Amino acid sequence: MRGKVAIIGAGLIKFGELFDKSYYDLIGMAANACIDSVDKGIDIEKEVEAAWIGTCMGGISAQRDVLSGAGLITALPYLKLKPVTRVENACATGSDAFRNAAFAVASGVYDVAIAVGAEKMREKEPQNFLRYVAGREQVLNRGLIAPSYFAMYANAWAKKYASDEKLRTYMSKVAVKNHHNGSLCPYSHFMFEITEEQASTAPLVSYPFRLFDCCPQTDGAAMVILCKAELAKKYTDSPIYLLGTGQSADVYWIPNRQSLTSALATVMAAKEAYKMAKIEPKDLDFAEVHDCFTFTELLDYEDLGFCKPGEAGKLITEGEVCLGGRLPVNTSGGLKAKGHPIGATGIGQICENWFQLRNEARKRQVDGAEIGLQHNLGGPLAIGCVNIFTNKKP
Amino acid sequence: MTDLPYVWRQKNAYLQFKGYKCKRCERVNYPKTLKCIECGSEELEEVQLARTGRVLTYIVNYYMPDEFDRPLGQGVIEMDGGGRLMTQFTEIESEKDIEIGMPIEIVIRRMSTKDGLNYYGPKIRPLKKEEK
Ligand SMILES: [Zn+2]
């Protein structure tokens with residue numbers, strides 16, 4: 001698998017509240033951007049042999065569903081009658097759709113494939129969205145919403161490694177960093193900066209998370225074109241290569257987990273990806289990680305091996321994960337500022353890898369970046385997915 | 001969509017607070033399950049869970065739809081003698097009333113009302129000083 005698959009085109013739309021665009025419009029616009037990014041051009045109708053569409057919230061979030069592969073044909077008619085698979089895997093939906101497309105290309109069955117991700121999170125009223133999620137069960141899990149799951153780990157982590165006050169400071173610093181990065185990223189939903197003071201005094205959502213600890217509800221779409229590595233130069237002189245990929249599913253219900261201070265789904269996915277890539281965390285030049293909540297990013301530092309367990313606070317406090325630091329994290333603004341249109345999130349992170357590894361990230365460029373990572377953590381910290389990329393042919 | 005079959009299947013777990021102890025690895029599963037979550041064995045025996053336990057972690061939701069109590073505390077707890085679960089707190093006003101490691105008891109309370117039916121289940125009640 002290592003080095004067998006290249007990305008020869010990647011594109012996304014500016015994430016945001018896109019009330020004037022349909023699900024299919026978003027996908028069509030991302031496809032246009034992606035196709036335009038292929039340096040030497042591609043005849044998408046003739047050359048793309050198969051497609052994977054990652055979309056998660058379908059019926060809940062949008063007016064219309066993309067509930068099967070056929071939904072992608074509505075958006076991209078030129079794929080008519082080609083094999084299209086729809087993937088749903090919680091917040092790892094997009095990255096897993098990509099992963100499956102990569103397996104298909106690595107197997108030799110298809111030379112060229114696409115992976116698309118899209119979500120419309122703002123089509124329905126937030127209160128109704130919340131009502132659906134909180135009311136899924138009548139007894140035990142009634143009232144649990146996305147921040148609840150991650151906050152369970154945050155409070156356990158604070159008790160074991162820090163304190164509520166220290167965690168508050170670290171989370172605010174992550175929020176400030178990602179809003180700053182987002183202000184430099186033209187694809188970001190939020191392009192404004194915030195202060196630590198604002199982050200630490202915003203209204204409580206789910207203790208210990210306050211408003212600026214939470215990613216927004218965002219519409220978006222992103223797409224990449226994958227091909228067999230040997231064919232990459234036909235399309236561009238600057239492809240990026242998939243070095244390693246990993247995925248892991250943990251027990252769904254939090255009380256049945258081995259740890260409440262480490263997401264083992266991330267740990268295991270990363271282990272598989274690093275092993276395949278034959279690299280260690282210290283070899284990374286940048287990383288796009290899952291920061292659905294500011295604490296999630298802190299947890300990711302530890303679970304992805306950027307630091308030892310309990311030491312995440314040091315990385316953010318000393319600025320090592322900021323632009324200009326040793327390992328810039330979420331240069332795009334992350335889910336926190338760029339947004340989290342679930343199906344599009346992972347593929348959007350892969351697009352940021354594409355920009356960074358091709359030296360196209362402008363004000364947020366990491367100088368001389370050669371190896372980058374993309375990570376999602378889906379559901380109640382249950383699904384981990386990690387992909388590692390490089391611009392040097394392995 | 002009705003929630004009845006799913007709740008009915010768990011009536012002993014929800015209303016009598018029964019657990020399901022694995023004969024192979026001794027793990028106490030909760031709620032009812034076909035296979036032990038630890039070792040996969042199907043040899044599970046229904047046991048009475050203790051009424052008391054301690055808090056492993058918790059959260060307090062402040063932003064909820066109108067039909068929910070606010071703030072709404074939820075916790076992951078471990079019962080004395082085994083069995084772990086996650087459910088709502090009762091009788092708390094904020095995160096100041098909850099601490100990791102604190103002793104709690106389980107009380108069976110109404111969790112929700114839907115389509116005219118009341119749904120009951122275990123809620124977590126912090127033990128007051130004089131009750132410890
Ligand atoms: Zn067992």
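See the structure above.
Every chain is numbered independently, its residues counted from 1 as its sequence is written. Chain A is the first chain written and ligand 1 is the first ligand written, with later ones labelled in order. Since the coordinates come from a predicted model, pLDDT governs what is reported: local features require at least 70, and pairs of side-chain atoms require 80 or more to be given and counted, while whole-chain, interface and lining totals use all residues. By convention in this description, side-chain values take in all heavy atoms of the structure and omit both hydrogens and water.

*Asks:* Kindly report on the nonpolar core, identifying the contributing residues and their values.
*Replies:* Soluble globular proteins tend to pack their nonpolar side chains together in the buried interior. Phe295, Leu298, Tyr301, Phe306 and Ile388 of chain A are the most contacted members of the largest nonpolar core, which totals 90 residues. The domain limits used here are those given by an automatic or database domain assignment. For this core, the two domains that each supply at least three residues are domain 1 (1-49) and domain 2 (50-126) of chain B. Residue contacts follow a heavy-atom distance rule, with two residues in contact if any of their heavy atoms lie within 4.5 Å. Leave out the neighbours within four places in its chain, and Ile388 of chain A touches Tyr241, Leu242, Leu243, Gly244, Ala273, Tyr274, Ala277, Ile279, Ile371, Gly372 and Leu373 of chain A. In this structure, Leu12, Phe98, Val112 and Val224 of chain A belong to the second largest nonpolar core, which totals 70 residues. For this analysis, a nonpolar core means a set of buried residues of the types Ala, Val, Leu, Ile, Met, Phe, Trp, Tyr and Cys, connected via side-chain atoms within 4.5 Å. Think of it in three bands: residues with accessible area under 20% of the maximum for their type are buried, residues over 50% are exposed, and the middle band is partly exposed, with areas taken using a 1.4 Å probe on protein chains only.

*Asks:* Break down the pattern of salt bridges for me, citing the residues and quoting the values.
*Replies:* What counts as a salt bridge is simple: a side-chain nitrogen of Lys or Arg found within 4 Å of a carboxyl oxygen of Asp or Glu. What the rule picks out here adds up to 31 salt bridges over all chains. Residues Arg358 of chain A and Glu360 of chain A are paired through a salt bridge, measuring 2.9 Å at the closest nitrogen-oxygen approach. One salt-bridge network, in which partners are shared between bridges, spans Arg51, Glu91, Glu105, Arg109, Arg125 and Lys128 of chain B.

*Asks:* Can you break down the sheet that holds strand β1 (residues 18-22) of chain B residue by residue, with the values?
*Replies:* Residue and element names in this part refer to chain B. By this definition, two strands are paired if DSSP reports at least two bridges between them. Secondary structure elements follow DSSP: runs of H or I no shorter than four residues count as helices, runs of E no shorter than two count as strands, and numbering proceeds from the N terminus. Across the sheet, which stays open at both edges, the 3 strands sit in the order β2-β1-β3 with antiparallel pairing between neighbours. Edge strands, defined here as strands with exactly one partner in the open sheet, are β2 (28-29) and β3 (44-48). The pairing of β1 with β3 spans 5 bridges and is antiparallel. Note that in β3 the partner of Cys22 across the bridge is Leu44.

*Asks:* Could you give an account of the coordination of the zinc ion, with specific residues and numbers?
*Replies:* All names here are of chain B. Distances up to 2.8 Å from the metal define which N, O and S atoms are donors, and 3.2 Å serves for Na, K and Ca; water is absent from the atom set, so sites may look incomplete. For the zinc ion, the full set of protein donor atoms is Cys22 (SG), Cys25 (SG), Cys36 (SG) and Cys39 (SG), and the range of their distances to it is 2.3 to 2.4 Å. The coordination sphere of the zinc ion comprises 4 donor atoms, whose angles at the metal cover 102 to 116°; the geometry is tetrahedral. We note that the donor set of the zinc ion lies within a single chain, spaced as C-x2-C-x10-C-x2-C. Looking at Cys22, the relative accessible area reads 2%, which means it is buried. A four-donor site is called tetrahedral if each angle lies between 85 and 135 degrees; a four-donor site is square planar, and a six-donor site octahedral, when trans pairs exceed 155 degrees and the remaining angles lie between 65 and 115; all other cases are labelled irregular.

*Asks:* Tell me what's going on with the sheet that holds strand β10 (residues 371-378) of chain A, and back it up with residues and numbers.
*Replies:* Residue and element names in this part refer to chain A. Sheet architecture is open: 9 strands sit in the order β3-β2-β4-β7-β1-β8-β11-β10-β9, paired in mixed fashion. Two strands bound the open sheet, and with one partner strand each, they are β3 (84-87) and β9 (286-288). In this sheet, adjacent strand axes meet at a mean angle of 25° when their direction is disregarded. Between the N-to-C directions of two axes lies an angle of 0 to 180 degrees, each axis being a line fitted to C-alpha atoms and, for a helix, fitted only over the stretch in contact.

*Asks:* Tell me about the environment of Leu357 of chain A, and name the residues and values.
*Replies:* Residue and element names in this part refer to chain A. Tracing the backbone shows Leu357 in helix α15 (residues 342-357). In this structure the C-alpha to C-alpha distance between Leu357 and Ala269, which are 88 residues apart in sequence, comes to 22 Å. Apart from residues no more than four positions distant in its own chain, Leu357 is found in contact with Ile240, Phe286, Ala369, Glu370, Ile371, Gly372, Phe389, Thr390 and Asn391.

*Asks:* Got a sec to walk through the interface of chain B and chain A? Specific residues and values, please.
*Replies:* Accessible area lost on assembly of the parts is the figure often given for the size of an interface. Each partner contributes residues to the interface: chain B has 39 residues there, and chain A has 34 residues. Defined here as a combined quantity, buried area equals the accessible surface (1.4 Å probe) lost by two parts on assembly, summed across both. Here chain B and chain A share an interface that buries about 3,300 Å² over both sides, 62% of which is from carbon and sulfur atoms. Sorting the residues of chain B by area buried against chain A places Ile59, Tyr63 and Met86 of chain B first, and these three jointly supply 20% of that buried surface. Applying the counting criterion to the chain B and chain A interface returns 1 salt bridge. For Arg131 of chain A, the salt bridge identified is with Glu67 of chain B, shortest N-O distance 2.8 Å. Per element, the largest residue contribution to the side of chain B that touches chain A is 6 residues, and it comes from strand β4 (residues 52-61) of chain B. Looking at chain direction, strand β5 (residues 204-207) of chain A and β4 of chain B are connected through 2 bridges and run antiparallel. In the strand pairing of β4 of chain B, Ser206 of chain A is matched with Asn61 of chain B.

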